[in-house]
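Analysis of the macromolecular model
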Amino acid sequence: MTLNVVQDRPCAELLPSRRHFALTRLIAFARMRLARGVPTPSQRVIHALDRDQTAAEMYVASFGFWLLLTCYIAAALPLHPAAAVIAAAVMAQFAIQLSVVGVALATGLVTRAENRVKLNSVVLMTAVLLVSSYVATLPGDVRYAAWVCLGAIAANAAAAAILWLLRHSVRAAEEQCAG
Amino acid sequence: MTGAAPGTGSREPGAVDTGDPRSGPPPAARRSPFLRRFLVRGVFWRQFLRWAVLNVPLWTEPAIMAFWSGFFLLWGPGRRGVMRNLTAIKPGSSAIANFFRCYRVFWNYAWTIADNVRFKELRTIPDWEFTGWEHFQAMQSGGGAILLTAHMGSYDLGAHLFSETSSRRIVMVRAPEIDPETRRFEEQHTAEGLRIEFNTRATDLALDLLDTVRDGGIVAIQGDRVSGPIAALPATLFGKATTVPAGPFALALAARVPIYPVFVVRLGRRRYRLATSMPIEVTRTRDRSADLSRAVALWIAELERVVTAGWYQWFTFEPYSPELA
């Protein structure tokens with residue numbers, strides 16, 4: 001069995017290929033370019049080369065998803081705003097579970113592949129995009145939450161375009177680190 | 001979730017028998033097979049976890065983990081077990097503080113078992129740091145050895161990492177799952193390249209393991225908890241009387257090999273530390289009982305040090321001492 005890892009190379013911490021979203025890949029690439037000198041390993045380390053390896057972006061995306069759903073649900077609840085936010089914060093957690101299970105069951109009807117993480121991710125993100133596009137047209141403060149979401153998706157798309165233009169430099173920098 | 005050392009076939013001097021023939025089958029075993037699968041150790045949750053690993057978008061994973069860690073706080077015996085253990089690890093701690101600490105234990109456990117399943121199903125490994133590298137290397141380059149670990153971090157992942165990076169043969173010993181369906185499921189979903197033995201056939205297994213270490217292999221055993229009717233040795237952990245499996249110490253004594261305390265500590269999302277401590281040499285004298293007691297005392301000191309620092313990932317869901325029950 002071959003494991004995709006690099007050993008005792010601290011620079012691997014910043015590898016863009018260890019990031020999921022284009023925006024964080026671009027930031028990681030910029031940090032790699034700005035980093036001065038090659039850090040020496042203080043202890044034995046193994047870095048896995050996997051695009052979902054970085055914790056910070058996953059926590060931010062997950063928290064953002066929960067916050068977004070909280071805003072959307074709170075706006076739809078006929079309650080005092082403070083009560084609506086509290087109720088929505090709890091309901092958003094259940095909504096995440098339901099949306100993930102719903103998407104997984106739906107994609108299960110389309111494909112028989114067992115590993116559907118990537119497909120489900122794309123479908124769920126598309127659903128977020130569509131719902132946010134609709135909410136962004138509504139009157140009321142909730143549209144600002146939708147705009148922030150759409151802004152983040154647009155920034156990620158722009159970062160993807162920039163990364164495509166820089167793809168040779170990114171590959172060279174990665175190869176220099178990973179060896 | 002279960003794991004323990006092998007029985008050695010014969011009782012060790014000073015050993016205590018943890019089997020209680022009067023207790024009969026556990027309440028879970030008396031339920032119908034259909035209902036049993038939904039109990040906390042039932043196969044349903046293993047299947048559900050596998051399904052989740054193969055379906056959940058990774059950018060929603062922290063929210064999913066937060067929810068399910070809270071959901072499993074409804075598991076009363078597990079929650080109470082962790083909270084009671086915490087009262088011993090953190091003397092003077094309040095129940096409310098330990099309730100939130102318990103959530104942290106469940107949170108870490110959720111991540112750990114998800115990482116383990118992800119490795120088995122998708123071959124995704126986390127980042128690793130190593131401390132005590134010189135001891136780890138000595139274990140890999142020497143003759144036979146016993147790798148003694150605890151129910152911390154992902155001990156399964158650690159064993160898999162070892163089997164991938166080492167040319168040495170490693171045999172992992174653990175207690176079988178209580179639920180037969182769960183046991184079958186786990187046996188079907190075992191990662192390649194690692195031999196796992198269950199401590200159900202004590203005498204045969206003890207001889208197999210003795211052969212393994214004498215041939216230069218490594219036997220990995222969890223030494224912080226006694227599960228089932230196996231030989232155990234008395235010990236004192238955080239000031240409370242408990243027992244530890246006699247197997248690893250008896251094996252080290254019989255085969256004249258060192259015991260390496262190894263802990264797999266979860267540092268964060270997909271990030272672990274493999275900490276190897278100084279080996280414990282079980283010296284042989286005329287007093288076999290004293291030899292074993294000395295080795296157990298060294299192991300307990302190491303275990304206390306690591307659990308004190310990493311209480312939030314000591315996955316012992318039952319009170320470890322009768323005094324805490």
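Calculation criteria
- Residues numbered from 1 in each chain as written.
- Chains lettered and ligands numbered in written order.
- Predicted model: local features only at pLDDT ≥ 70, side-chain atom pairs only at ≥ 80, totals over all residues.
- Heavy atoms only, no water.
- Helix = DSSP H or I, 4+ residues; strand = E, 2+ residues; numbered from the N terminus.
- Buried < 20%, exposed > 50% of the residue type's maximum accessible area, 1.4 Å probe, protein only.
- Contact = heavy atoms within 4.5 Å.
- Areas by Shrake-Rupley, 256 points an atom, 1.4 Å probe, with all protein chains shown as cover.
- Disulfide = S-S within 2.5 Å.
- Expected span 1.5 Å × (residues − 1).
- Polar contact = N/O pair within 3.5 Å; in protein donor to acceptor, adjacent residues only side chain to side chain.
- Core = buried A, V, L, I, M, F, W, Y, C linked by side-chain atoms within 4.5 Å.

1. Points about the overall build of chain B
- In terms of regular secondary structure, chain B is built from 11 helices and 10 strands.
- By residue count, 58% of the 325 residues in chain B fall in the buried class.
- Taking the contacts inside chain B whose residues are at least 6 apart along the sequence as the reference set, 76% of them involve residues at least 24 apart.
- Summed over all atoms, the accessible surface of chain B reaches about 13100 Å², with 57% contributed by carbon and sulfur.

2. Observations concerning the state of the cysteines
Residues and elements named next belong to chain A.
- Scanning all chains against the criterion turns up 1 disulfide over all chains.
- A disulfide bridge connects Cys 11 with Cys 177, and the sulfur atoms are separated by 2.1 Å. Its torsion about the S-S bond being 100°, the disulfide of Cys 11 and Cys 177 is classed as right-handed. A residue pair is termed long-range when its members are at least 10 positions apart, and Cys 11 in the loop between strand E1 (5-7) and helix H1 (22-34) and Cys 177 in helix H6 (residues 167-178) qualify at 166 residues.
- Left unpaired, Cys 149 is separated from the closest cysteine sulfur, that of Cys 71, by 10 Å.

3. Describing helix H11 (residues 288-309) of chain B
Residue and element names in this part refer to chain B.
- Over its 22 residues, H11 extends 32 Å from the first C-alpha to the last, a length consistent with the 32 Å expected when each residue adds 1.5 Å.
- Within H11 the residues assigned to the buried category are Asp 291, Leu 292, Ala 295, Val 296, Trp 299, Ile 300, Glu 302, Leu 303, Val 306 and Val 307.
- Taken together, the buried residues of H11 touch helix H4 (76-89), strand E3 (145-149), strand E7 (231-237), strand E8 (240-245), helix H10 (247-255) and strand E9 (259-268).
- Two to three positions downstream of the cap, the backbone nitrogen of Ser 289 sits 3.3 Å from a side-chain oxygen, assigning the N-cap of H11 to Asp 287.

4. Here we look at the nonpolar core
- Counting residues in each nonpolar core, the largest one holds 56 residues, and the members touching the most others are B:Phe249 and B:Trp299.
- For this core, the element with the most residues is H11(B), which contributes 8 residues.
- Those residues within four positions of B:Phe249 in sequence are excluded, and the remaining contacts are B:Leu148, B:Leu233, B:Val244, B:Ile259, B:Val282, B:Leu292, B:Ala295, B:Val296 and B:Trp299.
- A:Ile73, A:Ala88, A:Leu124 and A:Val128 belong to the second largest nonpolar core, which has 29 residues in total.

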